[in-house]
Number of protein chains: 2
Amino acid sequence: MKRVLSSAMAAMHTERANPQDTAAPARPRIDRRSLLAAGAALAAGAGAATVLTREDRPGPAAAPPPPGPVPFHGARQSGVLHRQLPATRLLALDLPAATDRAALRTLLAAASDVLARAADGGLADPRLTGAPPATSLAAIGPALAARLHLPAPAALAELPAFPGDRLDPARSGGDLLLQVSAEQPWTTGILTEHLLAAATAAGATLRWHQAGFLPPAPDGQTPRNLFGFKDGTANPDPADPALWQQDGTVLVYRRIRMDTAAFAALPADGRDLATGRRADTGAPLTGTAEHDDPDIYAKHPDGSYVIPATAHVRLSSPRLDGGARMLRRGWSYDDTPTDRGLLFLAFMPDPALFTRVQTRLAERDALTPFLTHTASAVGWVLPGAREGGALGEGL
Amino acid sequence: MKRVLSSAMAAMHTERANPQDTAAPARPRIDRRSLLAAGAALAAGAGAATVLTREDRPGPAAAPPPPGPVPFHGARQSGVLHRQLPATRLLALDLPAATDRAALRTLLAAASDVLARAADGGLADPRLTGAPPATSLAAIGPALAARLHLPAPAALAELPAFPGDRLDPARSGGDLLLQVSAEQPWTTGILTEHLLAAATAAGATLRWHQAGFLPPAPDGQTPRNLFGFKDGTANPDPADPALWQQDGTVLVYRRIRMDTAAFAALPADGRDLATGRRADTGAPLTGTAEHDDPDIYAKHPDGSYVIPATAHVRLSSPRLDGGARMLRRGWSYDDTPTDRGLLFLAFMPDPALFTRVQTRLAERDALTPFLTHTASAVGWVLPGAREGGALGEGL
């Protein structure tokens, strides 16, 4: 299937006979309607379960859903579907070794009760009066899924070690990952209190927790990270079927410490070259606007790549993975002045995609000297809860 | 002077011959104009340098200053004068033993440069583009003030130990305390980066840092703490001359862990009795509205106090301190699910006032079983920087 779609994409690149030979910076000219039509035809031909990959995104990302009600119940969980809210809290819980499926369902039902009421304003806590709704996410860690023989994606597994990893086990892994996001840290803190009370009553223990936040950004604009660069450009639409597998998906979480002072000490063009994008606009070095597609084959007249071989945007390019994309969701964290950076969350049906990308980044990314991965987790993002029901009730 | 004013206040209570004998819950009936006239007359008679204490506050607190420009330069520092902004960051720096006044002035000039530009949007950091202005505060710790024989208030001293204190020295004290507050944690985090870079370049080292936040509250409303109670009711106006001494004042900082789960397990009326106010409205148990003056003498028909002997609002009542008030500024913090509570900041010309109040609270306050003081600091809040100048340049 990927090969079929890649061929279709290649056919759409006929204005550039051999992309490797493109002499000067050039923006690929792709007809959006042709692309969508090709994609639709392929998807129709291959059936609904097919993973549809898209090698190019010619236009701006789909506008994020507007603010408003956040339904907890639905086919897919709100923490992936909904736009990112500015304050977030992650909790990782461990379950006793004797936990069986019934005990897990009880825990998930208790968590669902809190999360459903966090979404519709029904939590009986006066401290939350008037608080806007929260989005949420629950995901099962690989070890628990294996232990209970849960119907998780076959690809669900902890990540391999990457060069340069400095993972703290006390901040990594976990049997159940929960995330709540809201407009204010006040709200996520209070919800954490309720979630923990419910979870510990159901026998779980807290393994780690992590708070994060977004910088101020007008609605629909890509938030910046602590390096000052936009983070999340060229994301797929969260409703993209390629991200889902039977309304579930896989979360990859990485806690990435960023040496902001050392990065800021680079000259401005050095920062742009390391990233492959311009800090101010977010445009790729081969383009003029944020959502221009990076042309990783474009070269300067002297033969060097416009987007350097070590640029982050090149090494993370979906072109190097047959067009497969993950939905990236980053929040900044700032725990101490020497431990601040990015909470990288990404959703994809198979975490092997992350492994391929991170292997390239860890080896050659010009940003790598400024980054330290300090924690890691993977989880099966459960399908959403049906109306009136709870997460995981079918397990 | 205090005795004179107390007498004037007592004279205004003539409708209740002996306050201790008041039988039923009753709101004191005080004529606001008489009180103000009496205060003005006393102040005029005693001269401008007199500390005017006020035993009663009959009306609502003065409305907070509206949002808008935050001048860094001025007679008094913005971190005290301006309304509280929702995100805050405290930094405590230590200076080398060999630091002299000139080195301190250099450090303060470097910090002032960052803070002045944080207030007027002039920091050349694209990550702060469009960020609303920040308020700030700089205060000198007692040890440094003594070492350099600075013209600090004579009363400047570390606090004594209180019963129940569990102070972490690594989170307490410091030679220079800095605070920045802004609309977003993003902004305070980036400003912290700039402040630390400037301070370390000037030879200082970071002793501790602490982030805090306010819950959502409509402008002008008193924010709630993690117990769900309004915190900061009946504050004096920040411009109240009683708070200042030659445009400086003294900061008392306490990091107070709150056992929210245990407190929430009390029945609702038990929480109100422990506090002496109603959680929903913030009204004292002897009143109907938040800014009603608590009547600590009011009794039930059975002779018991309406505001119990152990209620927080009674034990912290300015009536017990000759009317002296501190300006309280609380932010919540939530570092981990088991370490969350209140960053208590208060401003007063003499920290002995805090010592008297905290001595009563530590011994008898019904809230004390739910509170643990984990850090403490005191600092001389320097007078503001003159136009175009820096904090501390006259030292």
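Per an unreviewed UniProt entry, chain A is named Dye decolorizing peroxidase, and its organism is Kitasatospora cineracea. As its UniProt record puts it under Sequence similarities (unreviewed entry), chain A is described as follows: "Belongs to the DyP-type peroxidase family."

Trainee: Residue-level account of the overall build of chain A, with values.
Mentor: A count of helices and strands for chain A gives 10 helices and 8 strands. When burial is assessed residue by residue, chain A has 53% of its 395 residues classed as buried. Contacts spanning at least 24 positions in sequence make up 79% of the contacts within chain A whose residues lie at least 6 apart. Total accessible area computed for chain A in this model is approximately 15,900 Å², and 58% of it derives from carbon and sulfur atoms.

Trainee: Pulling in residues and values, what's your account of the pairing of strand β1 (residues 87-94) of chain A?
Mentor: Residue and element names in this part refer to chain A. Summarising burial for β1: 7 of the 8 residues are buried, a large majority. The pairing of β1 with strand β4 (residues 205-213) spans 8 bridges and is antiparallel. Bridge pairing in β4 places L93 opposite L206.

Trainee: Before we move on, can you summarise the side chain of R89(B) with the specific residues and values?
Mentor: With respect to the element layout, R89(B) can be found in strand β1 (residues 87-94). For R89(B), a relative accessible area of 3% gives the class buried. Sequence-distant contacts of R89(B), defined by excluding residues within four places in its chain, comprise D334(A), L178(B), Q179(B), V180(B), T188(B), G189(B), T192(B), H209(B), Q210(B) and A211(B).

Trainee: Lay out the nonpolar core with the relevant residues and their values.
Mentor: Ranked by internal contacts, the top residues of the largest apolar core, which has 135 residues, are L104(A), I140(A), L176(A), L104(B), I140(B) and L176(B). Not counting the four nearest positions on each side in its chain, L176(B) is found in contact with L91(B), A92(B), L93(B), L95(B), L107(B), L108(B), A138(B), A139(B) and I140(B).

Trainee: An account of the packing of aromatic side chains is needed here, citing residue identities and associated values.
Mentor: By the definition in use, this model includes 12 aromatic pairs over all chains. Between W208(A) and Y253(A), the aromatic rings sit 5.0 Å apart at their centres with planes inclined by 15°, giving stacked as the arrangement. Of this pair, W208(A) sits in strand β4 while Y253(A) sits in strand β5 (residues 249-258); the two residues are 45 residues apart in sequence, bridging distant segments of the chain. Like Y253(A), W208(A) is buried. Here a set of aromatic residues connected by ring pairs shows up, and it is made of F227(A), F229(A), F263(A) and F370(A). Across from the ring centre of Y305(B), 5.2 Å away, lies the NZ or CZ of K299(B), which sits over that ring. Across the ring face of Y305(B), the terminal group of R314(B) is positioned such that the distance to the ring centre comes to 4.0 Å.

Trainee: Can you lay out the environment of D113(A) for me, pointing to particular residues and giving the numbers?
Mentor: All names here are of chain A. Considering the arrangement of structural elements, one finds D113 in helix α4 (residues 101-120). Overall, D113 belongs to the partly exposed group, its relative accessible area being 40%. Residues D113 and G389, spaced 276 residues apart in sequence, show a C-alpha to C-alpha distance of 9.1 Å.

Trainee: Describe the environment of E158(B), with residues and values.
Mentor: All names here are of chain B. Here E158 lies in the loop between α5 (142-147) and β3 (176-182). We classify E158 as partly exposed; its relative accessible area is 40%. For the pair E158 and A143, spaced 15 residues apart in sequence, the C-alpha separation works out to 8.4 Å. In contact with E158, other than residues within four places in its own chain, are P142, G173, A377 and V378.

Trainee: How would you summarise the interface of chain B and chain A if you had to cite specific residues and measurements?
Mentor: Taken together, the 29 residues of chain B in the interface contact 29 residues of chain A. Interface area, chain B with chain A, both sides summed: about 2,200 Å², of which 67% is carbon and sulfur. At the surface where chain B touches chain A, the tally comes to 4 salt bridges. Residue D334(B) is joined to R89(A) by a salt bridge in which the shortest nitrogen-to-oxygen separation is 2.8 Å.

Trainee: Quick rundown of the environment of W380(A)? Include the residues and the values.
Mentor: Residue placement: W380(A) occurs in strand β8 (residues 371-381). Taking the C-alpha atoms as reference points, W380(A) and L156(A), 224 residues apart in sequence, are found 6.8 Å from one another.

Trainee: Provide a residue-level description of helix α8 (residues 268-275) of chain A, including the pertinent values.
Mentor: All names here are of chain A. Of all the residues in α8, the buried ones are D272, A274 and T275. Across the axial projection of α8, the buried residues extend over an arc of 160°, all falling on one side. Looking at the buried side of α8, the elements it contacts are α7 (260-264) and α9 (312-315). A positive backbone phi angle near 90° is found at G276, which sits one or two residues after α8.

Trainee: Can you explain the relation of the copies chain B and chain A? Please cite residues and give values.
Mentor: Least-squares fitting of chain B to chain A yields an RMSD of 0.0 Å, with the transformation described by 0.0 Å of translation along the axis and a rotation of 180°. Such a turn and shift between the copies fits a two-fold axis. In terms of proximity to the rotation axis, the leading residue of chain B is D335(B), whose C-alpha is 4.1 Å off the axis. A share of 100% of the interface residues of chain B reappears at the interface of chain A, consistent with the copies meeting face to face through the same patch.

Trainee: Tell me about the pairing of β1(B), and please be specific about residues and values.
Mentor: As defined by bridge partners, β1(B) adjoins β3(B) across 7 bridges and the pair is classed as antiparallel. Residue pairing in the sheet places T88(B) in a bridge with S181(B) of β3(B).

Trainee: Residues and numbers for unusual backbone geometry, please.
Mentor: All names here are of chain B. Residue H149 is not a glycine yet carries a positive backbone phi of 50°. On the secondary structure map, H149 appears in the loop between α5 and β3. For H149, a relative accessible area of 63% translates into the label exposed. In the Ramachandran plot, Q246 falls in the positive-phi region, its phi being about 50° despite a non-glycine side chain.

Trainee: Can you break down the packing of α4(A) against helix α6 (residues 185-201) of chain A residue by residue, with the values?
Mentor: Residue and element names in this part refer to chain A. Put simply, α4 and α6 touch, their axes get as near as 9 Å, and they point 160° apart. If you check the angle between α4 and α6, you find them roughly antiparallel. In this structure, the crossing between α4 and α6 has a hand that is right-handed. Here L107, A110, A111, V114, L115 and A118 of α4 come into contact with α6, specifically with L191, H194, L195, A198 and A199. Classifying every residue of the contact of α4 with α6 by side-chain character gives 10 nonpolar, 1 polar and no charged.

Trainee: Got a sec to walk through the side chain of R127(A)? Specific residues and values, please.
Mentor: Here R127(A) shows up in the loop between α4 and β2 (135-140). The class of R127(A) is buried, set by a relative accessible area of 11%. A polar contact is formed between the side chain of R127(A) and the side chain of E193(A), at a distance of 3.1 Å. Ignoring anything within four residues of it in the chain, the contact list for R127(A) reads W186(A), I190(A), E193(A), H194(A), N225(B), L226(B), F227(B), G228(B) and T260(B).

Trainee: How would you summarise the pattern of salt bridges if you had to cite specific residues and measurements?
Mentor: All names here are of chain B. Enumeration according to the criterion identifies 38 salt bridges over all chains in this entry. With a shortest N-O distance of 2.6 Å, R360 and D321 are connected by a salt bridge. On the criterion of sequence distance, the pair formed by R360 in helix α10 (residues 352-364) and D321 in the loop between α9 (312-315) and β6 (327-336) is long-range, its members being 39 residues apart. You'll find R360 and D321 in the same group, each marked buried.

Trainee: Could you give an account of helix α6 (residues 185-201) of chain B, naming the residues involved and the relevant values?
Mentor: Residues and elements named next belong to chain B. The terminal C-alpha atoms of α6 lie 24 Å apart, and with 17 residues this matches the ideal 24 Å at 1.5 Å per residue to within 8%. Most of α6 sits inside the fold, with 12 of its 17 residues counted as buried. Looking one or two residues past α6, G203 carries a phi angle of roughly 100°, positive in sign.

Trainee: Can you lay out the confidence of the model for chain A for me, pointing to particular residues and giving the numbers?
Mentor: Detailed reading of the predicted coordinates is not advisable wherever pLDDT falls low. For chain A, mean pLDDT is 85; residues scoring 70 or higher make up 83% of the total. Contacts from residues 1-66 of chain A, a stretch scored under 50 in pLDDT, to residues over four places away or in other chains number 104 contacts.

Rules and cut-offs
- Residues numbered from 1 in each chain as written.
- Chains lettered and ligands numbered in written order.
- Predicted model: local features only at pLDDT ≥ 70, side-chain atom pairs only at ≥ 80, totals over all residues.
- Heavy atoms only, no water.
- UniProt positions renumbered as here; feature names shortened; annotations may be inferred.
- Helix = DSSP H or I, 4+ residues; strand = E, 2+ residues; numbered from the N terminus.
- Buried < 20%, exposed > 50% of the residue type's maximum accessible area, 1.4 Å probe, protein only.
- Contact = heavy atoms within 4.5 Å.
- Areas by Shrake-Rupley, 256 points an atom, 1.4 Å probe, with all protein chains shown as cover.
- Pairing = 2+ DSSP bridges.
- Core = buried A, V, L, I, M, F, W, Y, C linked by side-chain atoms within 4.5 Å.
- Phe/Tyr/Trp six-rings, centres within 6.5 Å; stacked < 30°, edge-to-face > 60°.
- Lys NZ or Arg CZ within 6 Å of the ring centre and 35° of its normal.
- Buried area = accessible area lost by both parts, 1.4 Å probe.
- Salt bridge = Lys/Arg side-chain N within 4 Å of Asp/Glu carboxyl O.
- Arc of directions from axis to C-beta.
- Least-squares fit on C-alpha atoms with pLDDT ≥ 70 in both.
- Axes fitted to C-alpha atoms, helices over the stretch in contact; angles between N-to-C directions.
- Parallel < 35°, antiparallel > 145°, perpendicular 65-115°, else oblique.
- Left-handed = near helix turned anticlockwise from the far one by under 90°.
- Nonpolar A, V, L, I, M, F, W, Y, C, P; charged D, E, K, R; others polar.
- Polar contact = N/O pair within 3.5 Å; in protein donor to acceptor, adjacent residues only side chain to side chain.
- Expected span 1.5 Å × (residues − 1).
- pLDDT = per-residue confidence, 0-100.

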